[in-house]
Amino acid sequence: MNDLTKTTESPKWFKVILLLGMLLFAFYGSTHMVAAGDTWVAMACGRHFANHGVDTVEPFSFNSHPAGPSDETLSKAGWPEWTHGIIRKVHPTGWINQNWLTHLTFYKLATWFGEGDNYNFNALVYWKFALYFITVLIVYATGRLIGLTDILAAAAACFALVIGRTFYDIRPAGYSNMLVPALILIMAMAMYKNYRLIWLVVPLVVFWANVHGGYIYAFIMFVPFVGINLLLRLPRRWTLCLGFIGVWLVMYIMSHNFITHKYYTMVQDILRRPRQDISLLGNNMFWAWILLAAGSLALTIPRKIPAPLFYGYHIVAGVIFFFSLLLRFLPSTPSNLTDYFEKMYSYFVWSSRMSFIFVFIAGSLLICAMALKKQRFLSLPVNGIYHTIGAGAVALAAMVIFNPFHLTNLTHTFEISVSKHAESWRQVAEWKPAFDWMDKLADRPNMVGDEEAFGVLCVLTLAGLLIWLVAYFLKRQDAVGTNNKKKPSSESATDTCSWPKIDLALLVIALLTIYMAVRSRRFIAIAGATACPFIFLLFKEAFANIPRKVNTILSIILVGISIFFILSWNVLFKDFEKLISSWQTRFVVEILVISLIGSLYFLHNKEKMPNAFRTAPAYLFTTGIIILACHWGAEYKRVYLDPWPSDNQYNTVFMRMTASHLKPTEACEFIRHNEISGKVFNYWTEGGAVALGQKPDEKTGHIPLKLFMDGRAQAAYNHDKFKLWQDIFSGGPIAQKARLDNSTLSQQQWGQIGERIDAQLGNDVWVVLMPSSQEDSTFMRALLKTGHWKTAYQDNIQHLLVNARTPQGEKLIGDVLAGQVWFPSEYSKCLTTFVAITENNLSGRYSELYSLAKRAFDIFPYPSATIAMIRLENLPAFRDQVLNDFKNYLDDFVAQNELYESENGYLQRLTSADVCAKNLARSIPQESQKYSDMSRQLNEEAAQIKGRSIW
């Protein structure tokens, strides 16, 4: 690669500053709050593996895959009996946990650093920090290896951590976030150092395949890595032949995916066109590709085929095939679509069509460039290609051998990725596109991660490619000057010296990873770490090879644009302000972009600057690091170490960083101590916490209260179970139609929904556990209207119902009312008893209601206790007492505000104060204005606190 000059390197002392700066950005990248549903699943699975080993017997759910394959299944498939044991060993079925080693690591970390039976969850936070400290150093090493200066490599590494920050959570995917850039580093080492280093992928993949299913990325990217290097080593005609065959195949697959997409088939149904069963390998266009490929090979193998015939065939065949497939992307649109669906469908068609056209144009140009300008590209030697193929094959075999699930670890990945239900699984928020305009049109911003910084990377990628191309042609024009006309042979020498060879294989991998992230926001976390070094390299080479005047003008323009976006973002994008997680992310991203451009300008013009300015980038960077260290250190202390307003009890760093204070910790204590067993319908993302909170059987590891569903998705459940959970929780067709029509459900419809849910659950599922945030969901409201689903436990964050028609449910409700049930706190005991008396209409015990609600309210004024107090207003005997209590609470809240604000749980107190003020404004007309104003002020303060509490 081409360095500017040796003088562009920063002083030796500055390398220490760069290291500290990168670690600071890794620290910043690790501090975002991301909900931890998978973390609790990991802990439950890790406990099972630690105590019972790794197998396919699933201990948590009654809906999960059965372990197998069974003898009956194998016999029906025609396998002899003596092979059954071998098959079960080599290709087991059932619960396939591709993250088993991460799960075990999480559990061991939490127990090693814990005390007795108490887990130390903060150990997982330290794991997260360590992971991304390593990641930032790997990205830096890649940048240096491919030719970036130290400051640019550090900037690329820092920017990568900012891009992925909102997707870095405490879950197995964290390993993939680190191992993807490690894979890129190994590939770069093979390209720039010694091709034998490619064998490092073997231990990498073996480890990767045991900690996370994302290892498949390595094998996916081996295809373009080997393919491009191979094409660059082949004769020109073979490069064109195989390259175009590959491009045509990709075009065909894209068109097939389009006509089999659910939006396309839905419209065809609306148009009443017969739905055709079009298989990937069984239609006319596939056979057309076969014929075109055969023709290309027939013209390539003989060496005496005239060049016009060879090139003409590929041009004509490619254009005809392109237009034939393009017709698929020009479907009819019915006139009776709803406005919303028409927008979705139109965007789907347009984006698919543009992607198809781009692949055809970009792919064709790329193949032509590889064939006609081979000397301009960096490639592995022939032996290096053999070693790469061998390393990939050995890695594949080793991954199968050194994994407890052996071959299933590989086949399971493809099954969940390309099966007929894969599209349905990808409707989960984290699998949706990075820029999901469908959700934006529906005013449903995706709450998983922030795509803002990744959007800047996409813009930088396009700008970098464009500026690089402009600089390339400007430089070539300079090189081919008057003198060169006299000496034509010098053109090649000048060109070769001016520009380094293009590392096309790794650049394509970087661009493919960006494309993966555009298609699915889950991959944003790896896109930055993969692409940043190569995008920064494009800018570096462009700035180093364009004329100095153009360099100066371009730098000023780009810095001006960045400053303009910083100052006017809210005005330009005010409609999307709620999609932006934090102004800090935007500010840091823009400063990084300005730093990149400024650094490039300084590096290129350093020799012409006064001596006092030559080390300016180093001092500016050092100053910025000091400022950011002070700012981010203060932010970390305020958010993670100071009193936490969101919860007064569960407020460790782990609880804050993962929002785990909302998990059913005390509800599980209630389940465990009261020995509740059977089947529970639980909230999907909280299944892991419910499993971990129970005491498993010492011999089998099975938990007593089996889950309906949890976040392991395809690893443990069939698609029909996933759809069943969705159908039950959504309320079925009646509720779905009401939502689409934006209509209100009648009492009769509520009853019908409740009866349907009750029938779907049956008598076997006699427990329901839902977070309080779902109190107003269709599911909870309909279930409570049945009259026989009763509250057996309630606290501020969880609500447990039981079917009182079942013997165990009837007994539990009776024990609750009789005071014979163990509760984890006095608060939950008082609140649950209060709710049980009202739900069962025990008028003889109504005299107890006030004391129960007031006792809970006095223990701590959680909003749930405040709402219980409000319910007492319907009883005239308690109305005045409740209103007086609310007045006293507000007076005390105002008087002791500074004290409460310095304690954990202030936001809970504030929310209750707001509920009290609203109720007093409604109940005391003469003081309505006073309490309405107070409520408005409390709401504003709550909004500010929520904003400050999230980082």
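Residues numbered from 1 in each chain as written. Predicted model: local features only at pLDDT ≥ 70, side-chain atom pairs only at ≥ 80, totals over all residues. Heavy atoms only, no water.

Draft legend 1. A look at the overall build of the chain. When you go through the chain residue by residue, the secondary structure sums to 43 helices and five strands. Counted over contacts in the chain with a minimum sequence separation of 6, partners at least 24 positions apart contribute 76%. (Helix = DSSP H or I, 4+ residues; strand = E, 2+ residues; numbered from the N terminus. Contact = heavy atoms within 4.5 Å.)

Draft legend 2. Geometry of the pattern of salt bridges. The final tally for this structure, using the stated rule, is 19 salt bridges. The salt bridge involving aspartate 710 is made with arginine 712; its shortest N-O contact spans 2.7 Å. Its relative accessible area of 2% is what places aspartate 710 among the buried residues. Accessibility expressed as a relative area gives 9% for arginine 712, which makes it buried. In this structure, a network of salt bridges that share partners links the residues Asp38, Asp169 and Arg171. (Salt bridge = Lys/Arg side-chain N within 4 Å of Asp/Glu carboxyl O. Buried < 20%, exposed > 50% of the residue type's maximum accessible area, 1.4 Å probe, protein only.)

Draft legend 3. Layout of unusual backbone geometry. For the bond running from glycine 68 to proline 69, omega is 0°, close enough to zero to count as cis. Positionally, proline 69 belongs in the loop between α2 (37–52) and α3 (71–76). A positive phi angle is found at alanine 659, which is not glycine, with a value near 55°. Relative to the helices and strands, alanine 659 resides in the loop between α29 (653–658) and α30 (665–673).

Draft legend 4. Looking closely at the packing of helix α33 (residues 732–741) against helix α34 (residues 747–761). Between α33 and α34, the shortest axis-to-axis distance is 8 Å and the interhelical angle comes to 135°. Taken together, the axis directions place α33 and α34 in an arrangement best described as oblique. Packed against α33, whose contacting residues are Gly732, Pro733, Ile734 and Ala735, the element α34 presents Gln749, Gln752, Ile753 and Arg756 at the interface. The residue inventory of the contact of α33 with α34, partitioned by class, reads four nonpolar, three polar and one charged. (Axes fitted to C-alpha atoms, helices over the stretch in contact; angles between N-to-C directions. Parallel < 35°, antiparallel > 145°, perpendicular 65-115°, else oblique. Nonpolar A, V, L, I, M, F, W, Y, C, P; charged D, E, K, R; others polar.)

Draft legend 5. Just the side chain of threonine 513, in detail. Here threonine 513 is to be found in helix α23 (residues 504–519). Judged by relative accessible area, threonine 513 falls into the buried class, the value being 0%. The contacts of threonine 513, once residues within four sequence positions are left out, are Tyr217, Met221, Ile526, Ala527 and Thr530.

Draft legend 6. Highlighting the sheet that holds strand β5 (residues 798–803). One open sheet accounts for five strands, arranged β2-β1-β3-β5-β4; its pairing is mixed. Since the sheet does not close on itself, it has two edges, and those belong to β2 (705–707) and β4 (789–794), each with one partner. Adjacent strand axes in the sheet meet at a mean angle of 30°, parallel and antiparallel pairs treated alike. (Pairing = 2+ DSSP bridges.)

Draft legend 7. Layout of the packing of helix α9 (residues 201–211) against helix α16 (residues 382–401). At their nearest, the axes of α9 and α16 sit 9 Å apart, and the two run at 30° to each other. As far as their axial angle goes, α16 and α9 are roughly parallel. As for the relative orientation of α9 and α16, their crossing is right-handed in sense. Of the residues in α16, those in contact with Val201, Val202, Val205, Val206 and Ala209 of α9 are Ala391, Val394, Ala395, Ala398 and Met399. Along the lines of polarity and charge, the residues of the contact of α9 with α16 split into ten nonpolar, no polar and no charged. (Left-handed = near helix turned anticlockwise from the far one by under 90°.)

Draft legend 8. Region of interest: the pairing of strand β1 (residues 678–682). Pairing between β1 and β2: three bridges, direction parallel. Looking across to β2, one finds that valine 680 is bridged to leucine 707. Sheet topology places β1 next to strand β3 (residues 765–771); four bridges connect them, and they run parallel. Note on β3: the bridge partner recorded for phenylalanine 681 is valine 768.

Draft legend 9. Spotlight on the pairing of β4. β4 sits mainly inside the fold: six of its six residues count as buried. Between β4 and the antiparallel strand that follows it, β5, lie three residues.

Draft legend 10. Spotlight on the packing of aromatic side chains. The tally for this structure, following the rule as stated, stands at 54 aromatic pairs. With 5.6 Å between their ring centres and 15° between their planes, phenylalanine 27 and phenylalanine 129 make a pair best called stacked. Within this pair, whereas phenylalanine 27 is found in helix α1 (residues 12–29), its partner phenylalanine 129 is found in helix α6 (residues 122–146), the two being separated by 102 residues in sequence. Like phenylalanine 27, the residue phenylalanine 129 is buried in the burial classification. A network of ring pairs unites the aromatic residues Phe62, Phe681, Tyr683, Trp684, Phe708, Phe722, Trp725, Phe729 and Phe779 as a single cluster. Residue placement shows arginine 165 over the ring face of tryptophan 951; its charged tip is 5.1 Å from the ring centre. Over the aromatic face of tyrosine 900 sits the side chain of arginine 909, whose NZ or CZ is 4.1 Å from the ring centroid. (Phe/Tyr/Trp six-rings, centres within 6.5 Å; stacked < 30°, edge-to-face > 60°. Lys NZ or Arg CZ within 6 Å of the ring centre and 35° of its normal.)

Draft legend 11. Here's a closer look at the nonpolar core. Ranked by size, the top nonpolar core spans 291 residues in total, and within it Trp208, Tyr217, Phe454, Phe681, Val768 and Phe779 carry the most contacts. With 15 residues, the top contributor of residues to this core is helix α24 (residues 524–545). Setting aside anything within four residues of it in sequence, one finds valine 768 in contact with Val680, Phe681, Leu761, Phe779, Met780, Leu783, Trp789, His799, Leu800 and Leu801. (Core = buried A, V, L, I, M, F, W, Y, C linked by side-chain atoms within 4.5 Å.)

Draft legend 12. How the structure looks around the environment of histidine 32. Note on placement: histidine 32 falls in the loop between α1 and α2. Assessed through its relative accessible area of 11%, histidine 32 is described here as buried. Taking the C-alpha atoms as reference, histidine 32 lies 8.8 Å from threonine 658; in sequence the two are 626 residues apart. Residues within four places of histidine 32 in sequence aside, it is in contact with Lys128, Arg165, Thr166, Tyr640, Met657 and Trp951. Within the structure, the side chain of histidine 32 is placed 3.2 Å from the backbone oxygen of tryptophan 951, a separation counted as a polar contact. (Polar contact = N/O pair within 3.5 Å; in protein donor to acceptor, adjacent residues only side chain to side chain.)

Draft legend 13. How the structure looks around the layout of surface pockets. As a volume, the second largest pocket reaches approximately 920 Å³. Lining the second largest pocket we find 33 residues, and of these Asp117, Asn118, Tyr119, Arg672 and Leu692 sit closest to its centre. The set of elements that each furnish at least two residues to the lining of the second largest pocket consists of α2, α5 (100–112), α29, α30 and α31 (687–692). Taken together, the residues of the lining of the second largest pocket sort by class into twelve nonpolar, 13 polar and eight charged. (1 Å grid on protein atoms, 1.4 Å probe; cavity = no way out; pocket = protein on both sides within 12 Å on 5 of 7 lines; lining within 4 Å. Points joined across faces, edges and corners; volume = space filled by probe spheres on them.)

Draft legend 14. Expanded view of a nonpolar patch on the surface. On the surface, Tyr311, Ile315, Val316, Val319, Ile320, Phe323 and Leu372 cluster together into a nonpolar patch covering about 640 Å² of accessible area. Of all the elements, helix α14 (residues 307–326) adds the most residues to the nonpolar patch, at six residues. Tracing the sequence through the fold places valine 316 in helix α14. Judged by relative accessible area, valine 316 falls into the partly exposed class, the value being 48%. (Patch = residues over 30% accessible without salt bridge, like charges linked within 9 Å, V, L, I, M, F, W, Y side chains within 5 Å. Areas by Shrake-Rupley, 256 points an atom, 1.4 Å probe, with all protein chains shown as cover.)

Draft legend 15. Helix α36 (residues 807–818), seen in detail. Between its terminal C-alpha atoms α36 stretches 16 Å, which fits the 16 Å expected from twelve residues at 1.5 Å a residue. Among all positions of α36, only Gly809, Leu812, Ile813, Asp815, Val816 and Leu817 are buried. In the core, the buried residues of α36 are packed alongside β3, β4, β5 and α37 (826–839). Looking one or two residues beyond α36, the residue adopting positive phi is glycine 819, at roughly 75°. (Expected span 1.5 Å × (residues − 1).)

Draft legend 16. How the structure looks around the environment of alanine 691. Summarising the element assignment, alanine 691 is placed in helix α31. Placed 647 residues apart in sequence, alanine 691 and alanine 44 show a C-alpha to C-alpha distance of 6.1 Å. Those residues in contact with alanine 691, other than ones at most four positions away along the chain, are Ala44, Arg47, Phe60, Ile703 and Leu707.

Draft legend 17. Fine view of the environment of arginine 522. For arginine 522, the location among the structural elements is in the loop between α23 and α24. Looking at arginine 522, the relative accessible area reads 22%, which means it is partly exposed. Along the primary structure arginine 522 and alanine 173 are separated by 349 residues, whereas in three dimensions their C-alpha atoms are 9.5 Å apart. If sequence neighbours within four positions are ignored, arginine 522 has contacts with Arg171, His212, Glu430 and Trp431.

Draft legend 18. Broad picture of the confidence of the model for the chain. With 86% of its residues at a pLDDT of 70 or more, the chain shows a mean pLDDT of 85. Element-level mean pLDDT values for the chain span from 39 in helix α22 (residues 489–498) up to 97 in α9. Here residues 478–497 is a poorly scored stretch, pLDDT under 50, and it has eleven contacts once near neighbours within four places are set aside; other chains count. (pLDDT = per-residue confidence, 0-100.)

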